[in-house]
Amino acid sequence: FKHVFTVTSWVRIWVGLSLVGVLMLHPAISSGVPLLLLACTISFPTLFLSGGLLNGIMQNHCFPGGSILDLNTCIFWAELGTNVFGRFLGPPTARWALGQAGQGAYWCQQLVVAAAAVILTEVVVHLQSEAL
């Protein structure tokens with residue numbers, strides 16, 4: 001599939017599919033368990049795939065060794081952000097949203113995260129295209 005799309009096209013495809021999965025989480029659409037599981041099955045893996053591709057783009061554009069934004073520092077900050085916000089704070093805030101206000105609050109929370117992912121993806125893709 002490498003010859004079919006560019007890396008930036010793949011990132012946009014994965015982020016777009018993730019957004020579709022998050023939109024499927026809306027309480028009016030995912031009223032049953034099977035649709036809710038399908039929405040989560042679409043949104044989370046595609047978001048992880050796009051994150052991996054964005055990390056690869058980041059690593060290709062790091063500054064030389066010894067700089068404040070060299071490869072080691074960029075990987076450190078990316079992993080710290082991923083682990084603190086995504087893996088440490090994500091599950092408790094999702095459970096809190098579901099427990100306090102139900103699926104609608106959970107959907108809003110996921111929609112905000114997906115919208116931030118779309119915006120950050122477009123910023124990275126735009127910066128990467130300017131660097132080439």
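Look a little higher up for the structure.
Residues numbered from 1 in each chain as written. Predicted model: local features only at pLDDT ≥ 70, side-chain atom pairs only at ≥ 80, totals over all residues. Heavy atoms only, no water.

A. How the structure looks around helix α4 (residues 90–101). With 12 residues, α4 extends 16 Å between its outermost C-alpha atoms, agreeing within 8% with the 16 Å of an ideal straight helix rising 1.5 Å per residue. Immediately beyond the C-terminal end of α4, within one or two residues, lies Gly102, with a positive phi of roughly 90°. (Helix = DSSP H or I, 4+ residues; strand = E, 2+ residues; numbered from the N terminus. Expected span 1.5 Å × (residues − 1).)

B. Summary view of the packing of aromatic side chains. Within the structure shown, the criterion is met by 3 aromatic pairs. Plain terms: the ring middles of Phe5 and Trp10 are 5.1 Å apart, the flat faces sit at 85° to each other, and that makes the pair edge-to-face. Relative to Trp77, the ring of Phe76 lies with its centre 5.1 Å away and its plane at 70°, an arrangement referred to as edge-to-face. Through a chain of ring-to-ring contacts, the aromatic side chains of Phe5, Trp10 and Trp14 assemble into a single cluster. (Phe/Tyr/Trp six-rings, centres within 6.5 Å; stacked < 30°, edge-to-face > 60°.)

C. Layout of helix α2 (residues 33–60). Over its 28 residues, α2 extends 41 Å from the first C-alpha to the last, a length consistent with the 40 Å expected when each residue adds 1.5 Å. For α2, the set of buried residues is Ala39, Ser43, Thr46, Ser50, Leu54 and Ile57. (Buried < 20%, exposed > 50% of the residue type's maximum accessible area, 1.4 Å probe, protein only.)

D. The arrangement of the nonpolar core in detail. Counting 6 residues, the largest nonpolar core consists of Met24, Leu25, Ala39, Ala94, Tyr106 and Trp107. Ala39 has contacts with Gly21, Met24, Leu25 and Ser30, leaving out every residue within four places of it along the chain. (Core = buried A, V, L, I, M, F, W, Y, C linked by side-chain atoms within 4.5 Å. Contact = heavy atoms within 4.5 Å.)

E. How the structure looks around the pattern of salt bridges. Taken as a whole and judged by the stated rule, the model has 1 salt bridge. For Arg12, the salt bridge identified is with Glu122, shortest N-O distance 2.9 Å. Taken together, the residues Arg12 in helix α1 (residues 7–23) and Glu122 in helix α5 (residues 103–131) connect sequence positions 110 residues apart. By relative accessible area, which is 42% here, Arg12 ends up partly exposed. (Salt bridge = Lys/Arg side-chain N within 4 Å of Asp/Glu carboxyl O.)

F. Representation of the packing of α1 against α2 within the structure. One way to put it is that α1 packs onto α2 with a least axis distance of 7 Å and a crossing angle of 155°. By the criterion of interaxial angle, the relationship of α1 to α2 is roughly antiparallel. At the point where α1 passes α2, the crossing takes the left-handed sense. Touching Val7, Trp10, Val11, Trp14, Val15, Leu17, Ser18, Gly21 and Val22 of α1 are Ala39, Ile42, Ser43, Thr46, Leu47, Leu49, Ser50, Leu53, Leu54 and Ile57, all from α2. Here the residues of the contact of α1 with α2 are counted per class, giving 14 nonpolar, 5 polar and no charged. (Axes fitted to C-alpha atoms, helices over the stretch in contact; angles between N-to-C directions. Parallel < 35°, antiparallel > 145°, perpendicular 65-115°, else oblique. Left-handed = near helix turned anticlockwise from the far one by under 90°. Nonpolar A, V, L, I, M, F, W, Y, C, P; charged D, E, K, R; others polar.)

G. Molecular detail of the side chain of Ser43. Mapped onto the fold, Ser43 is located in helix α2. What Ser43 contacts, discounting residues up to four positions off in sequence, is Ser18, Gly21 and Val22.

H. Broad picture of the packing of helix α3 (residues 71–88) against α4. Running from N to C, α3 and α4 point in directions that differ by 25°, and their axes come no closer than 4 Å. Here α3 is positioned roughly parallel relative to α4, judged by the angle of their axes. Of the residues in α4, those in contact with Phe85, Gly86, Arg87 and Phe88 of α3 are Gly90, Pro91 and Pro92. Among the residues making up the contact of α3 with α4, the classes are represented as 4 nonpolar, 2 polar and 1 charged.

I. The arrangement of a nonpolar patch on the surface in detail. A cluster of nonpolar side chains, contributed by Phe76, Trp77, Leu80, Val84, Phe85, Phe88 and Leu89, occupies part of the molecular surface with about 750 Å² of accessible area. Note that Phe88 resides in helix α3. (Patch = residues over 30% accessible without salt bridge, like charges linked within 9 Å, V, L, I, M, F, W, Y side chains within 5 Å. Areas by Shrake-Rupley, 256 points an atom, 1.4 Å probe, with all protein chains shown as cover.)

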